Amino acid sequence: MRLVKRAALAGLVLLAASPALAKGVSEADLRGHIEILASDEYEGRQPGTAGEAKTVKYIAEQWAKAGLKPAAADGSWFEPVPLIQRAQGSSTHIFTAKGRKLRIVSDDIILIGKEAQYAKSGLPVVFTGAGVTSDGSVQADVKGKAALLMFDADTVPDRMKSPRARREALVAAGAEAVIFIGDSQGNWPVLRRALLSRTIGLETIEQRAALEGGISTEFAVAMVTAAGRDWDKLRAHAKQKDYAGEALGIDADFKVTTDVYRFNSSNVIGKLPGRKKGSGAVLYMGHWDHLGICAPEDAPDRICNGAVDNASGIAVLTEVAERLAKKRHDRDIYFLATTAEESGLLGAYAYAAKPVFPLDQIVISLNVDTIAVAARGAKVAIIGRGNTKLDNIVEGIARKAGRQTEGSSDANAFIERQDGWALTQKGVPALMVGGSFADLDLMQKFLGSDYHGINDELTDKTELGGAAEDADLHIALGQYFADTRKYKSAKAGE
Ligand SMILES: [Zn+2]
């Protein structure tokens, strides 16, 4: 017992003697923030809820304590993000063929309008297969019509696999209504759940049809058959390359009421003002939101706490802010906690559309998301590798910090799934750097288990070692990129 104690004490002395370690971010530092942000009291941090109010207040308080200054356009910590949430109300639908009303014995239809009231008669119905062809384009004539498309898509290119991408392509082609067909056995329950999930949108960027919804295959077969068409033939046609869709000879009358809820959420933004005006800025970002109350009413635990995703990222940002605030830097350093990442990077897109300083002044943007996965000693991966000229510099700084680097670009598989993507699309050098995406087997293990479920909570077993080490790396990156002598950027006329 005693011997062990002595050994531990010797270890402590060693730690204290090493200045780099002494100043480092610890697991306990991070745990303190995550404990609060991922507590049940914060209700899973869903935008527009009491959980949001607590979350953004906590972040602003912590960032003020860390030494940041509020940096929203109005001088506060909070940049408003106008969001919209839609939920199914009541609806009636009548389908006719040659003036005859079709008898469809199925209630598997969900219709959601863009606005609270929607009514249209005589809309021609077009079957479009997967919505787009094998080259990803819309060949069907859907302008001003109701487009039907299969929820499942095996004939389309990867970039069009998501229902959202295909829906947006049909909207761009002028579809008045976009209605997915879900497989009764498999996809209908998934589609149904998605449609009823009260998804949040960002009105300023959303590409939405006047009417959207879904029907089961059972409903589709009944409708098509009643109109005298053969469903199996239709499906076979749709598998052909360059399938251009078919008008079904069916007209639709819709009358739809939708619960439309508009509200302001907030991005939290703070800054460390730099010493050299006009020399550019470093931007750290990470999303504060998570999925809120996510399990049915009778479940024993209903809250998706989002400890790893992404209370861990906010914890790292806060500790990095505190360390960087101890000294004045040449460039401004901004910290941005975004809302509604889980609904499609919405806070980040809102920020990219209305930044508080010009985006072309950002010398590097570092997103921090789902950082508490790997243990200490993990390699450093770069999401966004190959997109900027910064890879070598970042890896050099990582190696100097005693880290090994992951040479492959495998982590780029996640590039569109993180907030930095909204900035990458605007030409900002945006990277995500750290250990959690270096060991993709470990990441997949997390994605396949606790991720986006009620078990993403803080426990004694939550691995915070890699996150602490990554926090130290982010401090080193900030110190380097905010220094105009060390990093001379082509930006800001340098
Ligand atoms: Zn998530």
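Residues numbered from 1 in each chain as written. Predicted model: local features only at pLDDT ≥ 70, side-chain atom pairs only at ≥ 80, totals over all residues. Heavy atoms only, no water.

## Here we look at the pattern of salt bridges
Throughout the structure, instances matching the rule amount to 25 salt bridges. Between E322 and R323 there is a salt bridge; the shortest N-O distance is 3.9 Å. In this structure, a network of salt bridges that share partners links the residues D29, E319, E322, R323 and K326. (Salt bridge = Lys/Arg side-chain N within 4 Å of Asp/Glu carboxyl O.)

## Re the domain arrangement of the protein
Split by domain assignment, the protein resolves into domain 1 (24–82 + 265–493) and domain 2 (85–260). Computed over C-alpha atoms only, the centres of domain 1 and domain 2 are separated by 37 Å. With both chains or domains summed, domain 1 and domain 2 bury close to 620 Å², and 67% of this area falls on carbon and sulfur atoms. Looking only at domain 1, the three residues that lose the most surface to domain 2 are P82, S343 and L346, adding up to 56% of its buried area. The interface formed by domain 1 and domain 2 includes 0 salt bridges. Across the contact surface, domain 1 and domain 2 share 0 residue pairs in polar contact (both at pLDDT 80 or more). Elements supplying a minimum of two residues to the side of domain 1 that touches domain 2: β2 (78–97) and α10 (346–353). The element contributing the most residues to the side of domain 1 that touches domain 2 is α10, with 3 residues. (Domains from an automatic or database assignment. Buried area = accessible area lost by both parts, 1.4 Å probe. Polar contact = N/O pair within 3.5 Å; in protein donor to acceptor, adjacent residues only side chain to side chain. Helix = DSSP H or I, 4+ residues; strand = E, 2+ residues; numbered from the N terminus.)

## Structural notes on the state of the cysteines
Using the criterion set out here, one finds 1 disulfide in the structure. Disulfide partner of C294: C304, at an S-S distance of 2.0 Å. On the sign convention where negative is left-handed, the bridge of C294 and C304, at about 85° about the S-S bond, is right-handed. Placement of the pair is C294 in the loop between β12 (292–293) and β13 (303–304) and C304 in strand β13, with a sequence separation of 10 residues. (Disulfide = S-S within 2.5 Å.)

## Describing the packing of aromatic side chains
Overall, the coordinates contain 14 aromatic pairs when judged by the stated rule. Taken together, a centroid distance of 6.0 Å and an interplanar angle of 75° make the contact between F95 and F219 edge-to-face. Linking F95 in strand β2 with F219 in helix α7 (residues 217–226), this pair joins segments that are 124 residues apart in sequence. Taking 5.8 Å as the distance between ring centres and 85° as the angle between the ring planes, the aromatic pair formed by F95 and F254 counts as edge-to-face. Taken together, the positions of F95 in strand β2 and F254 in strand β10 (residues 246–272) put the pair 159 residues apart, joining distant regions of the chain. One exposure class covers both F95 and F254, and it is buried. Members of the aromatic cluster, joined through ring pairs, are W63, Y284 and F335. (Phe/Tyr/Trp six-rings, centres within 6.5 Å; stacked < 30°, edge-to-face > 60°. Buried < 20%, exposed > 50% of the residue type's maximum accessible area, 1.4 Å probe, protein only.)

## Section: the side chain of D289
When you line up the elements, D289 lands in the loop between β11 (281–287) and β12. Look at D289: it is buried, it has no salt bridge, and the nearest opposite charge is R45 at 7.3 Å. Of note is the side chain of D289, whose polar atom sits 3.0 Å from the backbone nitrogen of E341. With residues up to four places along the chain from it excluded, the contact list for D289 reads R45, P47, T338, T339, A340, E341 and E342. (Lys, Arg positive; Asp, Glu negative; His and termini not counted. Contact = heavy atoms within 4.5 Å.)

## Things to note about the pairing of strand β17 (residues 430–434)
Extensive coverage of β17 is indicated by the burial of 5 of its 5 residues. A two-sided burial pattern is seen for β17, the buried positions comprising A430, M432 and G434 on one face and L431 and V433 on the other. The sheet contact formed by strand β15 (residues 362–367) and β17 spans 2 bridges and is parallel. Across the sheet, the residue bridging to L366 is L431, located in β17. Across 3 bridges, strand β16 (residues 381–383) lies against β17 in antiparallel orientation. Its bridge partner lying in β17, A381 is registered against G434. (Pairing = 2+ DSSP bridges.)

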